[in-house]
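Structure assessment
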Amino acid sequence: MIWRDYLELTKPKVVYLIVFTAIVGTLLASPGWPPLGALLWGNLGIALAAACAAAVNHVLDQRIDEQMARTRNRPLPKGRITTARALAFACTLGVASMLVLWLLVNPLTAVLTFFSLIGYAVIYTAWLKRATSQNIVIGGAAGAAPPVLGWAAVTNSIDPNALLLFLIVFVWTPPHFWALAIARKDEYARAGIPMLPVTHGVAYTRLQVLLYTVLLVLVTLMPFITGMSGLIYLGTTLVLNGIFLYYALALKFTDRQELPMRLFRFSVTWLLWIFAALLVDHYIPTTQAIAAGA
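Summarised in this report is the structure supplied together with it. Owing to the predicted nature of the structure, the values given are computational and were not obtained by experimental measurement.

Another aspect to go through is the pattern of salt bridges. Enumeration according to the criterion identifies nine salt bridges in this entry. Asp 5 is the partner of Arg 80 in a salt bridge, and the nearest nitrogen-oxygen pair spans 2.8 Å. You can see Arg 80 sitting in the loop between α4 (62-67) and α5 (83-104) and its partner Asp 5 sitting in helix α1 (residues 2-9), a full 75 residues away along the chain. Ionic pairing is found between Asp 61 and Arg 130, a salt bridge with its closest N-O pair at 2.9 Å. With a gap of 69 residues between them, Asp 61 in the loop between α3 (36-60) and α4 and Arg 130 in helix α6 (residues 107-131) connect regions that are remote in the sequence. Residue Arg 130 is classed as partly exposed on the basis of its relative accessible area, which comes to 31%. Salt bridges linked by common partners bring Asp 5, Glu 8 and Arg 80 together as one network.

And the structure:
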C-alpha cells in the first residue's frame with residue numbers, strides 16, 4: 001500500500017526515538033506539568049521536522065541504499081515512489097513543521113529545529129557522510145538536539161540542563177552507530193562510504209567504541225552530580241552503564257560475531273531507559289532531597 005511506503009520514508013522507528021527524547025525534554029523543563037500547547041504542538045512540530053529530514057535522507061542516499069542489503073528494499077531504490085514525489089513529501093513535512101513551531105510554539109524552537117533539520121538532512125547526509133570517517137561524531141550534533149528543542153518549546157530559552165541532555169545523546173551516538181558500522185563494514189565499503197571501520201579498521205573502531213562508552217559513563221553521572229536528578233536515575237544509570245560497558249569491553253577484547261549488533265540494539269534500549277529514569281526522577285523529587293541531604 002502506497003501510504004506504507006511514504007511512512008517508511010519518515011523512518012518511524014528513528015522518529016519515535018527522537019520524539020521520545022524531545023518529550024522528555026519538554027517534561028523536564030517544567031517543575032510540574034508543562035503547558036499543553038508546548039507539549040502537543042512542540043513535539044508534533046519536532047516529529048514533522050524529523051520525518052522531513054528522514055525523507056530527504058532517503059532521497060540523497062538512493063545510490064547507497066541500492067548497494068546495501070539493509071536498505072536496498074526501501075521505496076526509492078525499488079521504484080515504489082519517485083524522487084520528485086519523495087522530495088515533495090519532504091518539503092510538505094518541513095513547511096508544516098516550521099508553521100506549527102513558529103505559529104503555535106515559539107520562534108526559538110522553530111529556528112533551532114530548522115538548523116537541526118539542515119544539519120542532518122544536508123550537512124551530514126549530503127556532505128559529512130561521504131567526506132570523513134568522523135561523520136557520525138560531527139553530524140551527531142543534529143541528532144542530539146531534540147531534548148533541547150523540547151525544552152525550548154516550554155521555556156523559550158536554551159537551558160544548561162537541556163544542554164546536558166544534548167551531551168548525553170551526543171556522546172551516545174558514536175558507540176551506538178559504530179557498532180552498526182562494524183557489522184555492516186563490507187556494505188559501507190562497497191558503497192564508498194568512509195565509515196570508521198572502513199577507513200581505520202575494525203580493531204581501531206572497537207577501541208573507539210570502548211573509549212566513547214567510558215566517556216558516556218562519566219557524562220551520564222552529571223545529572224546526578226549537578227542535582228538535576230536523584231537516586232532513581234543514579235541507580236538506573238549505574239546498572240545500564242555496567243551492561244553497556246560490558247558489551248564495549250567484550251567487543252574490544254573478543255571476536256564474537258554477534259556482538260556489534262547486540263551492542264547496537266542494546267544502545268537503543270539504553271537511551272530509552274536513561275531518559276525514562278530522568279523522567280521518573282523528575283516526578284518523584286524525594287530521591288533528590290534524600291541525595292541532597294546525604
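Our focus in this paragraph is the packing of helix α2 (residues 12-28) against α3. Following both chains from N to C, one finds α2 and α3 inclined at 150 degrees, their axes separated by 9 Å at the closest point. Compared by their axis directions, α2 and α3 come out roughly antiparallel. Crossing hand, α2 versus α3: right-handed. Along the contact surface, α2 presents Val 15, Ile 18, Val 19, Ala 22, Ile 23, Thr 26 and Leu 27, while α3 presents Ala 38, Leu 39, Asn 43, Ile 46, Ala 47, Ala 50 and Ala 51.

On to the packing of aromatic side chains. Tallied over the full model, the rule gives nine aromatic pairs. Measuring from centroid to centroid gives 5.6 Å for Tyr 246 and Tyr 247, while their planes differ by 55 degrees, and the two rings are tilted. Classification of Tyr 246 as partly exposed rests on a relative accessible area of 46%. By relative accessible area, which is 12% here, Tyr 247 ends up buried. Look at Tyr 247 and Phe 266: their rings are 5.5 Å apart centre to centre, the planes differ by 45 degrees, and that puts the pair in the tilted class. Within this pair, whereas Tyr 247 is found in helix α14 (residues 231-253), its partner Phe 266 is found in helix α15 (residues 259-283), the two being separated by 19 residues in sequence. One exposure class covers both Tyr 247 and Phe 266, and it is buried. Cluster of aromatic residues (ring-pair linked, three or more members): Phe 244, Tyr 246, Tyr 247, Phe 266 and Trp 270.

Basis of the calculations
- Residues numbered from 1 in each chain as written.
- Predicted model: local features only at pLDDT ≥ 70, side-chain atom pairs only at ≥ 80, totals over all residues.
- Heavy atoms only, no water.
- Salt bridge = Lys/Arg side-chain N within 4 Å of Asp/Glu carboxyl O.
- Helix = DSSP H or I, 4+ residues; strand = E, 2+ residues; numbered from the N terminus.
- Buried < 20%, exposed > 50% of the residue type's maximum accessible area, 1.4 Å probe, protein only.
- Axes fitted to C-alpha atoms, helices over the stretch in contact; angles between N-to-C directions.
- Parallel < 35°, antiparallel > 145°, perpendicular 65-115°, else oblique.
- Left-handed = near helix turned anticlockwise from the far one by under 90°.
- Contact = heavy atoms within 4.5 Å.
- Phe/Tyr/Trp six-rings, centres within 6.5 Å; stacked < 30°, edge-to-face > 60°.

All we've got here are geometric facts, nothing functional implied.
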